Amino acid sequence: MNPLLEIQGLRTVFRSANGDIPAVDGVDLSVPRGKTLGIVGESGCGKSMLSLSVMRLVPRPGRVAAGRVLLDGQNLLDLSEAGMRQVRGGQVAMIFQEPMTSLNPVHPIGLQIMEAMRAHDTKASNKELRERGLAALDRVRIPAAARRFDEFPHQLSGGMRQRVMIAMALACKPKLLIADEPTTALDVTVQAQILDLLRDLQMETGMSIILITHDLGVVAEMADEVAVMYAGRVAERGTASEIFASPQHPYTLGLLGSVPRLDEERAELLAIEGAVPPPFALPKGCRFEPRCPFAIAACRNAPPPLEEVAPGHYAACIRAPVEHSLDLAA
Amino acid sequence: MTTLLEVENLTKHYPVKKGVVLARQVGTVRAVDGVSFRIERGETLAIVGESGCGKSTTARLVLRLIEPTGGTVRFDGQEISGAALRTLRRRVQVVFQDPYASLNPRLRVGDTIAEPMEVHGIGTRESRAARVKELLGLVGLAPFHAQRYPHEFSGGQRQRIGIARALAVQPELIICDEPVSALDVSIQAQVVNLLKDLQRRFGLSYLFIAHDLAVVHHMADRVAVMYLGQIVETAPKRAIFDRPMHPYTRALLSAIPHPDPRRRGMVKPLGGDVPSPMNPPSGCRFHTRCPFVQDRCKAEMPMLRELAPGQQVACHFAEVLPPHEAVAENGMSPVAAQRLALYAAAKARKAAKAA
């Protein structure tokens with residue numbers, strides 16, 4: 001089956017006095033139907049800009065400079081602004097990290113859900129929309145939905161607000177849900193509830209999900225496919241089981257080593273030295289080279305291509321797999 | 001081991017008022033409600049819990065940044081009050097969560113780090129400047145960084161500056177209030193390693209406030225779990241993670257997603273939200289969400305009881321609950337573990353070459 005979403009050679013840049021600064025730099029990804037793609041990376045790796053590029057919501061002075069975003073074969077970058085408005089919320093919906101900033105504080109939540117539905121259905125009566133809004137709240141397991149419907153965002157807990165956002169996002173039965181750090185601001189028990197809900201809703205509706213997160217635990221729990229991003233590029237991608245069982249890119253290794261684990265005692269965490277390079281001073285070759293312990297002179301020459309290291313598993317590293325680079329000892 | 005900090009029955013109630021001119025008290029928020037714990041010299045005690053459980057308020061009460069409603073705090077055997085506060089403030093330091101908000105943007109980093117020494121009248125201008133250079137080295141920054149301003153640093157570097165400032169007056173206890181939760185994963189690991197290294201070198205004690213149990217697992221010697229202003233379980237780290245006895249501790253542990261797809265679907269969400277601390281449930285405060293709730297839990301508040309050496313639990317039925325399935329010790333896949341070992345070796349070689 002062909003994938004639902006295909007991103008090809010996407011490049012998003014920000015204009016500056018010193019020329020274009022890339023935030024997303026030549027990214028190829030695909031999202032299978034009914035599955036979840038997890039995008040992992042630290043702040044500044046371009047994971048949020050990637051999702052905003054798909055939605056064509058890149059803030060000025062940024063713009064998508066090159067590439068294609070194919071949703072069911074249709075290039076979203078070719079659509080008119082009016083056409084794109086039908087896609088947003090209709091076929092592709094998005095939820096964000098902080099539900100409080102995404103909800104309007106002066107309107108009851110029910111009204112806001114109805115507003116989202118109205119944007120895609122001008123014919124339905126208000127009564128009909130209210131019923132559908134209530135059903136949407138029920139579906140995201142908000143208890144006493146009828147009472148909650150007329151409450152304001154500040155009267156709800158963080159977890160409830162995120163449920164409202166999900167209800168709103170799913171109101172028009174999108175094919176793709178982009179969830180940008182949906183549980184980062186939530187407590188761990190509430191995070192577990194929301195992830196559980198997202199998984200059930202995916203099973204019910206067959207939608208695809210792009211899950212953007214910095215938490216490797218969340219990715220392991222939710223994603224079928226994983227893409228690890230670093231400084232605007234994909235460092236490694238493959239199925240979740242493959243990435244965790246056989247990580248190839250040194251950056252992926254560093255991330256795995258940085259996370260304390262409950263099933264292991266380690267005297268010291270394997271931290272990655274240094275920090276992510278700023279997008280206006282990117283290394284010419286491999287962008288991870290300055291922090292990489294396996295780096296050799298050749299890493300500085302040119303950006304490494306994303307190559308297939310195992311079936312369906314790609315890594316952008318000329319030293320991968322690291323155990324074959326054992327001239328290290330020298 | 002000797003006890004460094006002893007907190008007994010610490011309480012902070014905030015009145016809730018209604019009306020502007022004739023404000024009537026209409027309720028009380030029991031932010032911290034009878035919390036007791038002790039920290040030994042050289043030990044790390046972690047307080048964990050979800051937002052609103054009172055863990056940060058507890059930290060502030062220990063520091064006397066806010067006045068407690070009741071209870072006592074003893075530091076090194078001496079009760080903290082008026083005159084003793086000044087010495088306490090030297091011997092107890094704090095590192096805050098937000099490295100952007102906790103540094104003065106108008107001060108050069110060197111002046112920020114020297115300020116606590118100045119306040120406590122330690123050293124001369126020259127000796128303080130030398131000490132600043134030494135401190136910067138200790139936290140992995142360079143001497144020339146003293147001349148720079150906070151905005152020139154990344155989040156991880158700012159947290160290092162915050163740690164250097166805390167170390168400046170040679171404290172015995174450092175209260176770390178979510179010191180790494182605002183940082184990226186790779187930077188978080190650097191700062192956690194730094195805190196552990198400093199503890200080894202200077203015999204520091206930490207009161208470590210956190211919500212991330214994996215970080216706590218790595219840092220703490222003992223753990224206290226808070227829920228709605230009260231400690232529900234306290235135990236040595238091994239016991240908390242291998243044999244948690246309170247249903248809330250168990251719920252917290254089973255809610256953590258592991259970085260391992262082989263364990264997918266084992267996360268068990270706990271229903272409901274934390275109730276409002278203004279109107280805490282009767283009896284056991286956890287009874288509204290507890291999967292093992294009985295009638296007695298709704299009526300009678302459970303006290304902390306010692307059920308295993310060093311393990312105290314506030315649950316009527318802790319002994320008769322079904323056993324907890326601890327995280328199996330399967331760790332990382334062998335291939336990943338081998339590559340990680342290579343990474344560690346290569347990193348050490350690179351560091352040796354640079355030195």
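No experiment lies behind these values; they were computed from the predicted model shown.

Which parts of the structure should I look at to understand the overall build of chain B?
Counting secondary structure elements, chain B contains eleven helices and twelve strands. Since a compact globule built from 355 residues should have a radius of gyration of about 20 Å, the 22 Å found for chain B is in line with a globular shape. Considering only intrachain contacts with a sequence separation of at least 6, the fraction spanning at least 24 residues in chain B is 64%.

So what exactly am I meant to see when it comes to the overall build of chain A here?
When its secondary structure is counted, chain A shows eleven helices and twelve strands. In terms of overall dimensions, chain A is globule-like: its C-alpha atoms have a radius of gyration of 21 Å, near the 20 Å expected for 330 residues. The principal-axis extent of the C-alpha atoms belonging to chain A is close to 75 × 50 × 40 Å. In chain A, buried positions account for 49% of the 330 residues. The long-range share in chain A, meaning contacts at least 24 apart out of those at least 6 apart in sequence, stands at 63%.

Where do I start with the pairing of strand β6 (residues 92–95) of chain B in this structure?
Residues in a regular strand project their side chains so that they alternate between the two faces of the sheet. Residue and element names in this part refer to chain B. Residues Val92 and Val94 of β6 are buried on one face, and the alternating residues Gln93 and Val95, pointing to the opposite face, are buried as well. As paired elements, β6 and strand β7 (residues 173–177) share four bridges and run parallel to each other. Among the inter-strand pairings, Val94 is bridged to a residue of β7, identified as Ile175.

Even after reading the chapter, I still don't get the UniProt feature "domain: ABC transporter" (unreviewed entry) in chain A, so can you show me in this structure?
Within this structure's numbering, the places UniProt gives as "domain: ABC transporter" (unreviewed entry) are residues 5–256 of chain A. Between the first and last C-alpha atoms of residues 5–256 of chain A the distance is 28 Å; the span itself is 39% helix and 26% strand.

Help me out: how do you make sense of the environment of Gly62 of chain A in this one?
All names here are of chain A. Locating Gly62 in the fold gives a position in strand β4 (residues 62–71). With 197 residues separating them along the chain, Gly62 and Val259 place their C-alpha atoms 33 Å apart. Among all residues touching Gly62, those that are not within four sequence positions of it are Thr12, Val13, Phe14 and Ala23.

Is there a simple way to explain the environment of Val293 of chain B in this structure?
Residue and element names in this part refer to chain B. Within the secondary structure layout, Val293 lies in the loop between α9 (247–255) and α10 (295–299). Overall, the presence of 16 C-beta atoms within 10 Å leaves Val293 in the partly exposed class. Residues Val293 and His316 lie 23 residues apart in sequence; the distance between their C-alpha atoms is 9.8 Å.

For this particular structure, what's the right way to read the sheet that holds strand β5 (residues 74–75) of chain A?
Strand pairs in the sheet, formed through backbone hydrogen bonds, run parallel or antiparallel to each other. All names here are of chain A. Here we have four strands laid out as an open sheet, ordered β2-β1-β4-β5, and antiparallel in their pairing. Since the sheet does not close on itself, it has two edges, and those belong to β2 (21–31) and β5, each with one partner. Judged from the eight bridges that link them, strand β1 (residues 5–14) and β2 form a sheet pairing that is antiparallel. Residue pairing in the sheet places Leu10 in a bridge with Val27 of β2.

What is the right way to read the interface of chain B and chain A from this model?
The parts lose accessible area when they come together, and the size of an interface is often stated as this lost area. Each partner contributes residues to the interface: chain B has 50 residues there, and chain A has 48 residues. Of all the secondary-structure elements, those providing two or more residues to the side of chain B that touches chain A are α6 (185–202), α7 (213–219), α9 and α11 (334–354) of chain B. Among the elements that line the side of chain B that touches chain A, the one with the most residues is α11 of chain B, at eleven residues. Here the residues of the side of chain B that touches chain A are counted per class, giving 26 nonpolar, 15 polar and nine charged.

Help me out: how do you make sense of the packing of helix α3 (residues 109–119) of chain B against helix α4 (residues 125–138) of chain B in this one?
Each pair of packed helices gets described by two things: the angle between the helix axes and the distance between those axes. All names here are of chain B. At their nearest, the axes of α3 and α4 sit 9 Å apart, and the two run at 120° to each other. In terms of orientation, α3 and α4 fall into the oblique class. Crossing geometry of α3 relative to α4 is assigned as right-handed. Of the residues in α4, those touching α3 at Gly110, Ile113, Ala114, Met117 and Glu118 are Arg128, Arg131, Val132 and Leu135. Residue composition of the contact of α3 with α4, by class: five nonpolar, one polar and three charged.

Would you mind going over the sheet that holds strand β4 (residues 70–75) of chain B with me for this structure?
Residues and elements named next belong to chain B. With respect to topology, four strands assemble into an open sheet ordered β2-β1-β4-β5, the strand pairing being antiparallel. Where the open sheet ends on each side, the last strands, each with one partner, are β2 (24–40) and β5 (78–79). Summarising the sheet, strand β1 (residues 3–18) and β4 pair through five bridges and their orientation is antiparallel. Paired with Glu8 across the bridge in β4 is Thr72.

I'm lost on unusual backbone geometry in this one. Help?
Where the residue is not glycine, phi is negative for most of them; where a peptide bond is considered, it is trans in most cases. Cis geometry is found at the peptide bond from Arg60 of chain A to Pro61 of chain A, where omega equals 0°. Assignment of secondary structure puts Pro61 of chain A in the loop between α1 (47–54) and β4. Positive phi, close to 55°, is recorded for Asn9 of chain B, a residue that is not glycine. As for its placement among the helices and strands, Asn9 of chain B is situated in strand β1.

Hey, could you run me through helix α5 (residues 126–139) of chain A in this one?
Residues three or four positions apart in an α-helix share a direction because the helix packs 3.6 residues into each turn. All names here are of chain A. Taking 1.5 Å per residue, 14 residues should reach 20 Å; α5 reaches 20 Å between its end C-alpha atoms and fits that length. Among the residues of α5, those classed as buried are Leu129, Gly133, Ala136 and Leu137. Across the axial projection of α5, the buried residues extend over an arc of 95°, all falling on one side. Residues of α5 that are exposed and point over 90 degrees away from its buried face: Lys127, Glu131 and Ala135. Phi turns positive, to about 60°, at Arg141, one or two residues after α5.

Teacher, can you tell me more about the UniProt feature "domain: ABC transporter" (unreviewed entry) in chain B here?
The feature "domain: ABC transporter" (unreviewed entry), as annotated in UniProt, sits at residues 5–253 of chain B in this numbering. The span residues 5–253 of chain B is 37% helical and 29% strand by assignment, and the distance between its end C-alpha atoms comes to 27 Å.

How should I be thinking about the pairing of β1 of chain A in this particular structure?
Residues and elements named next belong to chain A. Where β1 hands over to β2, the hairpin turn is made up of six residues, of which Gly19 adopts a positive phi near 95°. Pairing of β1 with β4, which is carried by eight bridges, proceeds in the antiparallel orientation. Looking at β4, one finds that Phe14 is bridged to Gly62.

What is the right way to look at helix α11 (residues 250–258) of chain A in this model?
Counting buried residues along α11 of chain A, nine of its nine residues qualify, which places the element largely inside the surrounding structure. Among the residues of α11 of chain A, Pro250, Tyr251, Thr252, Leu253, Gly254, Leu255, Leu256, Gly257 and Ser258 of chain A are the ones counted as buried. On the buried face of α11 of chain A, the contacting elements are α9 (216–222), β9 (225–230), β10 (233–239) and α10 (240–245) of chain A together with α6 and α11 of chain B.

Looking at this structure, how should I read the confidence of the model for chain B?
As a general rule, the predicted coordinates of low-pLDDT regions are not to be interpreted in detail. Chain-level statistics for chain B give a pLDDT mean of 90 and a share of 98% at 70 or above. As a predicted assembly, this complex carries a pTM of 0.90 together with an ipTM value of 0.86.

What counts, and at which threshold
- Residues numbered from 1 in each chain as written.
- Chains lettered and ligands numbered in written order.
- Predicted model: local features only at pLDDT ≥ 70, side-chain atom pairs only at ≥ 80, totals over all residues.
- Helix = DSSP H or I, 4+ residues; strand = E, 2+ residues; numbered from the N terminus.
- Rg over C-alpha atoms; globule rule 2.2 N^0.38 Å.
- Contact = placed C-beta atoms within 7 Å.
- Buried ≥ 20, exposed ≤ 12 C-beta atoms within 10 Å, placed from the backbone.
- Pairing = 2+ DSSP bridges.
- UniProt positions renumbered as here; feature names shortened; annotations may be inferred.
- Nonpolar A, V, L, I, M, F, W, Y, C, P; charged D, E, K, R; others polar.
- Axes fitted to C-alpha atoms, helices over the stretch in contact; angles between N-to-C directions.
- Parallel < 35°, antiparallel > 145°, perpendicular 65-115°, else oblique.
- Left-handed = near helix turned anticlockwise from the far one by under 90°.
- Expected span 1.5 Å × (residues − 1).
- Arc of directions from axis to C-beta.
- pLDDT = per-residue confidence, 0-100.

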